[in-house]
Amino acid sequence: MSDWFHELPISWMSLLVFGFTYVLTFAIHVGVAALARRGYAKSFKAVSPGMLSPLGVIFGLFVAFTAAQVWSDNDRASAAVTHEASALRTALVVAASLPAEQEAKLHDLIRAYAHETATMEWPMMAHRNASLNVTPLPIQEALQLVLSSPAINSGQQAAQREITNAIEAALDARRQRIIVSRAEVNAVKWSCLYLQAICALLAIALVHCDDRLSSLIALGLFATGTAASVLLIAAHDRPFVGQIAVTPDPLLQIISEPVTKR
């Protein structure tokens, strides 16, 4: 689906999904009823009600497989952000073993990286424009600072190794969240999902073509379930877009944390 759709508030998104599904369902109902009045009712009634069960099961499997991808992407996105923030916080804690000037410089660089990520890179991920080819300058300078600083004793050597490992872990988590930001349910999956729903709705309308009220009730129930499933998947489809997107709050907490003075 398009970026503008994922950026809509949940209320507008639900209105579009339910509205489209109900209009489609009503069109199927009206079309089948019109054909039934023209003499096709006997043929429609020959359609076995036993078809409804396998069609519904297949639709449920489509929803389950699509939702599994979406939940996995969201879990990976949340885990990457949390891991990145945790690694940066580890670097800040271990930096206390460095000389005061280096510690202050490292704190400034990590906070600058967190601020740049939250304010600049997050909107780019929302539009799938974030690049893996460019490493943010503050985190580069932080890594260079740690690697180029002379270690006076074994404690500082161990601290430099820990900080280097933490920064590398943060960069790896950054790569993971950028990769996940490009994930989405593609057009083929959406098309197959709705095509299966249309088949099930059409079968319901054919089976109940002789009773318009029962047809409307059955179609309305299935259409509501279809729209709810589609809305749930669409709302979580892009992990870094929309009202319930993964936020940079764990990284912003690093900026807001007070600097411990010696």
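It should be noted that the structure appears before, not after, this text.
For the structure given in this document, a descriptive report is provided here. Only a predicted model underlies this, so the values are computations on that prediction, with no experimental measurement involved.

Re a nonpolar patch on the surface
Taken together, the side chains of Phe 26, Val 30 and Leu 216 make up a nonpolar region of the molecular surface, amounting to roughly 260 Å² of accessible area. As for its position among the elements, Leu 216 is in helix α8 (residues 212-236). For Leu 216, a relative accessible area of 40% corresponds to the partly exposed category.

A few points about the environment of Arg 161
Note on placement: Arg 161 falls in helix α6 (residues 154-181). Relative accessible area serves as the criterion here: at 52%, Arg 161 is assigned to the exposed category. The spacing of Arg 161 and Val 81 is 80 residues in sequence and 22 Å in space, taken between C-alpha atoms.

Quick notes on empty space enclosed by the protein
Using the criterion set out here, one finds one cavity of 30 Å³ or more in the structure. Approximately 40 Å³ is the volume found for the largest cavity. Along the walls of the largest cavity sit His 29, Val 32, Ala 33, Ala 205, His 208, Cys 209, Arg 212 and Ser 215, which together make up its complete lining. Looking at the lining of the largest cavity, the elements that each hand over two or more residues are α2 (10-45) and α8. For the lining of the largest cavity, the element with the highest residue contribution is α2, accounting for three residues. When the residues that make up the lining of the largest cavity are grouped by side-chain class, the tally is four nonpolar, three polar and one charged.

Considerations on the packing of helix α4 (residues 100-126) against helix α5 (residues 137-148)
At a minimum axis distance of 8 Å, the contact between α4 and α5 shows a crossing angle of 160 degrees. When the axis of α4 is compared with that of α5, the two are roughly antiparallel. Along this stretch, α4 crosses α5, giving a crossing that reads as left-handed. Contacts between α4 and α5 involve Gln 102, Lys 105, Leu 106, Leu 109, Ala 112, Tyr 113 and Glu 116 from the first element and Pro 138, Ile 139, Glu 141, Ala 142, Leu 145 and Val 146 from the second. Here the contact of α4 with α5 is composed, by residue class, of nine nonpolar, one polar and three charged.

Re the packing of α2 against α8
Two numbers describe how α2 lies on α8: the axes approach to 9 Å, and their chain directions differ by 150 degrees. On the basis of their axis angle, the class for α2 and α8 is roughly antiparallel. Between α2 and α8 lies a crossing of right-handed hand. Class assignment of the residues belonging to the contact of α2 with α8 gives a composition of 15 nonpolar, eight polar and two charged.

Examining helix α7 (residues 187-207)
An ideal rise of 1.5 Å per residue puts 30 Å on 21 residues; α7 measures up with 30 Å between its terminal C-alpha atoms. Listing the buried residues of α7 in full gives Trp 190, Leu 193, Tyr 194, Gln 196, Ala 197, Ala 200, Leu 201, Ala 203, Ile 204, Ala 205, Leu 206 and Val 207. Against the buried residues of α7 lie α2, α3 (52-94) and α8. The distance from a side-chain oxygen at the start of α7 to the backbone nitrogen of Val 188 is 3.2 Å, and the residue carrying that oxygen is Asn 186.

Each value, and the rule that gives it
Residues numbered from 1 in each chain as written. Predicted model: local features only at pLDDT ≥ 70, side-chain atom pairs only at ≥ 80, totals over all residues. Heavy atoms only, no water. Patch = residues over 30% accessible without salt bridge, like charges linked within 9 Å, V, L, I, M, F, W, Y side chains within 5 Å. Areas by Shrake-Rupley, 256 points an atom, 1.4 Å probe, with all protein chains shown as cover. Salt bridge = Lys/Arg side-chain N within 4 Å of Asp/Glu carboxyl O. Helix = DSSP H or I, 4+ residues; strand = E, 2+ residues; numbered from the N terminus. Buried < 20%, exposed > 50% of the residue type's maximum accessible area, 1.4 Å probe, protein only. 1 Å grid on protein atoms, 1.4 Å probe; cavity = no way out; pocket = protein on both sides within 12 Å on 5 of 7 lines; lining within 4 Å. Points joined across faces, edges and corners; volume = space filled by probe spheres on them. Nonpolar A, V, L, I, M, F, W, Y, C, P; charged D, E, K, R; others polar. Axes fitted to C-alpha atoms, helices over the stretch in contact; angles between N-to-C directions. Parallel < 35°, antiparallel > 145°, perpendicular 65-115°, else oblique. Left-handed = near helix turned anticlockwise from the far one by under 90°. Contact = heavy atoms within 4.5 Å. Expected span 1.5 Å × (residues − 1). Polar contact = N/O pair within 3.5 Å; in protein donor to acceptor, adjacent residues only side chain to side chain.

Keep in mind these values describe shape, not function.
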